[in-house]
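Fold and geometry: a report
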Amino acid sequence: MTAIQERPAAEIGQERRRKEDQRLITGRTRWTDNLTLPGMLHLAMVRSPFAHARIVSIDVSEARTAPNVVDVLTGADLGESQGVNINAWPITPDQVAPVHLPMPSDRVAFAGEVVAVVVARSAAEARDAAELVDVDYEELPAALDLKEAAAATDQEGVLAHPDLGTNRSAFWKFDSAEAGTGGDVDEAIQQARADGIVIEREYRQQRLIPAFMEPRSVVVDPTGEQLTMWSATQVPHILRFALAATTGVPESKIRVIAPDVGGGFGGKLQTTPEEWITWAVARRIGKPVKYTETRSESLVSGHHGRDQWQKLTLAAEKDGTVTGLKVELLADMGAYVSLVGGGVPVLGAFMFNAIYKFPSYQFNCQTVLTNKTWTDAYRGAGRPEATFAIERLMDELAAEVGVDPLAIREKNWIRHEEFPFTTVAGLEYDSGNYEAATARAKELFGYDELRAEQQARRASGDRVQLGIGVSTFTEMCGLAPSRVLGQLDYGAGGWEHASVRMLATGKVEVVTGASAHGQGHETAFSQIVADRLGVAFEDVEVLHGDTQISHKGLDTYGSRSLVVGGEALVRAADKVIERARPIAAHMLEASVDDLEFSGGRFAVRGTDQGVAIGEVATAVFAAHDLPDGVEPSIDSEATYDPVNFNFPHGTHLCAMEVDTETGELKMRKYVCVDDIGTIINPLIVAGQVHGGLVQGIAQALWEEAVHDESGTLVSGSFVDYLLPTAADTISFEIDHTTSPATTNSLGTKGVGEAGTIASTPAVVNAVVDAVRHLGVHDIQMPCTPERVWRAVNGAGSGGSTEGAAMPHFGDQEAAGNQEQPGTASTEGAGA
């Protein structure tokens, strides 16, 4: 027991350098592909070159005789032992979905699907032998165009899976009038046609590829009491459950480890065919087996993101006051309905209304099967798609009314004094201040000065025009409330688990169910626990990503790690303090009621004597003199399930220069002011925001997954799939306002997806704004110089509405669905 000392500086808010970085930048990492086990064999996948074909025969005889080849296996060889890849989010009871075998034996449904696997003593030998596998295919017509696929029937058009009789997977609808959260949108549109404004636009969300830094890799060791899988995954706990549920191995006999994982962006939020194949081969052969994909394999067979057609109808009064919004969405699922792929557009359903006070709203979504790589979550997952559409539409409304884009937003947004606010989509936004974020962004941007420069360039007929883009966004993140997820037919909960262990030396071990893949969890979680317990930051060790150590968790996605996992840590740490309190009182010979805890110490109120929590931990370890009836442990755990999402927001402003003669684009300035509540580590936040901005800007300007007329991915390498480098971007100016969340004790909100969600519409709005006076109202992403030039030179939209007309929504007979469309409920979401 020692005298009370001055409390150390608060950890929350400190710019701590990441603990993880030392090993990452010095090459002492634990990537899955770094693992080498005794007797380990290697796999190479044989993939279909066709988007849709019947497998006539597979001849593996020559491959089996290749040097150091142990075996060559097909789907027929593995049979039921390979299990099945699951869909955890059937968004309607009548959802049409093909069975997704890891390695089919009769028919392939996209180019890149695995048809055979080679097992060899080295990866190089396995790849060489894979070239010797002779597969005879009968090529079939492929469903590739999203609109045409949605319109196809068993009588006319091409079906991705002919046995299903339709390409329409599920129809999901939300209607504010039916849900009791607003009025009738069709009446609002009809009224606006009579005496107001109606804006109708169709937008294309191009297909994207997550393109994480580390290709996916998996190692399976079947030789111990447990089967152990190491995988470059975001979801080790979900992966373990899915393996048990589909392969017949008891969950207690499965250990999944996600070691260092080099990025994911949603692309590793998946249970993959390659993981299941590696699992089945290891069990069959009885030896450790490794598979690591090549970059080309990653681009063609790892799931893709986005790929939607969006038709929006906005109703407003003549002064620009919005009265209704109707959304009709086609979403490409690809060849299979993946783990949460069907639910991704549903997440966007609650965000099309954004920060605006729409009195009526309707959302209609038709998910569609095609013969392309399957889609699933990609950074933002449904929220970027929704934000892009509504922010583009608000610019169109401003142009129609003849006012500044910021003015039309201010007219319609939720004022700060109106929080908490229940939206027309049924969610309760707990906190926010759109006015403050916008005012700060305008100040940093020099908004009025740039508008003046824009007018001067237009007046002079300058060849290079200046455009100013606006995006005032919010998002629902901290994907969590289990009750709400259940109402949306999601197959899991949204809670998170954490434990805090006080070691005998006074050090702290933290175990979290969140699984990091580059976010800085070890640093931020150490700061939270150090701040709560009053111990040194360096004395906290964070353990994660191993289901043997972290036995309970729901992993990392949807900007949930801090707001859900961090809150679980807070609650576990608080339990440690409360369990230590009676022991500290006993050590100080004082009443529990007289103790205060501050700065890591218990003290008797009004005295100068106290005991540090580390000293209590040592006393508990010895257990020589504990109070009667108190067990010798202060370790604690907590499982936290929020009652609502949380809602970060921000204002993003972008200035783009457009050469009207060549279509060349140049970013002049980018400013964002985000409100993410309490900031734990500003350095980590800056990294998340900058990375998110680049990904969102890349969708606007560069990235697109392109298939040719036969279904081959022609952007299957970084030569053709245009990822930006540092040389392609500018220095961004970022700042923050703070409206603490009311749904967790730290006041935090998510940040990992904010930059991606907000930046895409800001950039496209800027590009269109630069040439709007030339008659251009849209340019399809990515806004390449060619598309910009075509738009300026008479193509109108640069290809913004190319393709067939949107098919009729809700046509259940055409969809092959037997029941009525699903209707969402948001009861229990804090509304």
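Parameters and conventions
- Residues numbered from 1 in each chain as written.
- Predicted model: local features only at pLDDT ≥ 70, side-chain atom pairs only at ≥ 80, totals over all residues.
- Heavy atoms only, no water.
- Helix = DSSP H or I, 4+ residues; strand = E, 2+ residues; numbered from the N terminus.
- Rg over C-alpha atoms; globule rule 2.2 N^0.38 Å.
- Buried < 20%, exposed > 50% of the residue type's maximum accessible area, 1.4 Å probe, protein only.
- Contact = heavy atoms within 4.5 Å.
- Phe/Tyr/Trp six-rings, centres within 6.5 Å; stacked < 30°, edge-to-face > 60°.
- Axes fitted to C-alpha atoms, helices over the stretch in contact; angles between N-to-C directions.
- Parallel < 35°, antiparallel > 145°, perpendicular 65-115°, else oblique.
- Left-handed = near helix turned anticlockwise from the far one by under 90°.
- Nonpolar A, V, L, I, M, F, W, Y, C, P; charged D, E, K, R; others polar.
- Patch = residues over 30% accessible without salt bridge, like charges linked within 9 Å, V, L, I, M, F, W, Y side chains within 5 Å.
- Areas by Shrake-Rupley, 256 points an atom, 1.4 Å probe, with all protein chains shown as cover.
- Salt bridge = Lys/Arg side-chain N within 4 Å of Asp/Glu carboxyl O.
- Lys, Arg positive; Asp, Glu negative; His and termini not counted.
- Charge placed at Lys NZ, Arg CZ, Asp CG, Glu CD.
- Pairing = 2+ DSSP bridges.
- Core = buried A, V, L, I, M, F, W, Y, C linked by side-chain atoms within 4.5 Å.
- Expected span 1.5 Å × (residues − 1).
- Polar contact = N/O pair within 3.5 Å; in protein donor to acceptor, adjacent residues only side chain to side chain.

1. Details of the overall build of the chain
Looking only at helices and strands, one finds 23 helices and 30 strands in the chain. Since a compact globule built from 831 residues should have a radius of gyration of about 28 Å, the 28 Å found for the chain is in line with a globular shape. Scored against the burial criterion, the 831 residues of the chain give a buried share of 61%. Taking as baseline every contact in the chain between residues at least 6 positions apart, the subset at least 24 positions apart corresponds to 79%.

2. Details of the packing of aromatic side chains
The tally for this structure, following the rule as stated, stands at 15 aromatic pairs. With centroids separated by 5.9 Å and ring planes inclined at 70 degrees, the aromatic side chains of W172 and F363 adopt a geometry described as edge-to-face. Of this pair, W172 sits in strand 8 (residues 168-175) while F363 is found in strand 16 (residues 361-369), placing the two residues 191 residues apart along the sequence. Among the residues examined, W172 registers a relative accessible area of 3% and is labelled buried. Relative accessible area serves as the criterion here: at 0%, F363 is assigned to the buried category. On the numbers, 4.7 Å between centres and 50 degrees between planes, the contact of F597 with F602 is tilted.

3. Considerations on the packing of helix 12 (residues 383-401) against helix 21 (residues 754-771)
With their axes 8 Å apart at the nearest point, helix 12 and helix 21 run at an angle of 30 degrees to one another. Taken together, the axis directions place helix 12 and helix 21 in an arrangement best described as roughly parallel. Seen along the crossing, helix 12 lies across helix 21 with a hand that is right-handed. In this structure, helix 12 contributes R383, P384, T387, F388, E391, R392 and D395 to the contact, and helix 21 contributes I757, T760, P761, V764, N765 and V768. Across the contact of helix 12 with helix 21, the residue classes break down as 6 nonpolar, 3 polar and 4 charged.

4. Side note on a negative patch on the surface
Taken together, the side chains of D59, E62, D134 and D136 define an acidic patch exposed on the protein surface. Its location among the elements puts D59 in strand 3 (residues 53-59).

5. Description of the sheet that holds strand 5 (residues 107-108)
Two modes of strand pairing occur in sheets, parallel and antiparallel, and in both the strands are linked by backbone hydrogen bonds. Sheet architecture is open: 3 strands sit in the order 5-3-7, paired in antiparallel fashion. In the strand order of this sheet, the two ends are held by strand 5 and strand 7 (134-139), each with one partner. In this structure, strand 3 lies alongside strand 7, joined through 6 bridges in antiparallel fashion. Across the sheet, residue D59 finds its bridge partner in strand 7, namely D134.

6. Looking at the pairing of strand 13 (residues 289-292)
Where strand 2 (residues 41-47) lies against strand 13, 2 bridges are found, and the strand directions are parallel. Looking across to strand 13, one finds that L41 is bridged to V289. Direction of pairing for strand 10 (residues 217-221) relative to strand 13: antiparallel, over a ladder of 4 bridges. Residue pairing for strand 13: V218 is matched across the bridge by Y291.

7. With respect to unusual backbone geometry
With an omega of -5 degrees, the peptide bond between F419 and P420 qualifies as cis. By the element assignment, P420 lies in the loop between helix 13 (405-412) and strand 17 (421-422). In this structure, P782 follows M781 across a cis peptide bond, with omega equal to -10 degrees. On the secondary structure map, P782 appears in the loop between helix 21 and helix 22 (785-795). Its identity is not glycine, yet D307 carries a phi of approximately 65 degrees, on the positive side. Within the secondary structure, D307 is located in strand 14 (residues 305-316). A relative accessible area of 0% means that D307 is categorised as buried. For D489, which is not a glycine, the phi torsion comes out positive at approximately 70 degrees. The residue D489 is located in the loop between helix 16 (482-487) and strand 20 (496-502) in this model.

8. With respect to the nonpolar core
In this structure, L314, L325, F352, F363 and Y670 are the most contacted members of the largest nonpolar core, which totals 110 residues. Among the nonpolar cores identified, the runner-up in size contains 45 residues, and F525, L569, I583 and L626 belong to it.

9. Looking at the pairing of strand 16
Taking burial as the measure, the 9 residues of strand 16 include 9 buried ones, the bulk of the element. The pairing of strand 8 with strand 16 spans 7 bridges and is classified as antiparallel. When the bridges of strand 16 are listed, R168 appears paired with V368. By the bridge criterion, 9 bridges tie strand 15 (residues 322-334) to strand 16 in an arrangement that is parallel.

10. What about helix 14 (residues 434-445)?
With 12 residues, helix 14 should reach 16 Å at 1.5 Å per residue; the first-to-last C-alpha distance of 16 Å fits that figure. The backbone nitrogen of E435 has a side-chain oxygen 3.4 Å away, supplied by the residue at the start of helix 14, namely N433.

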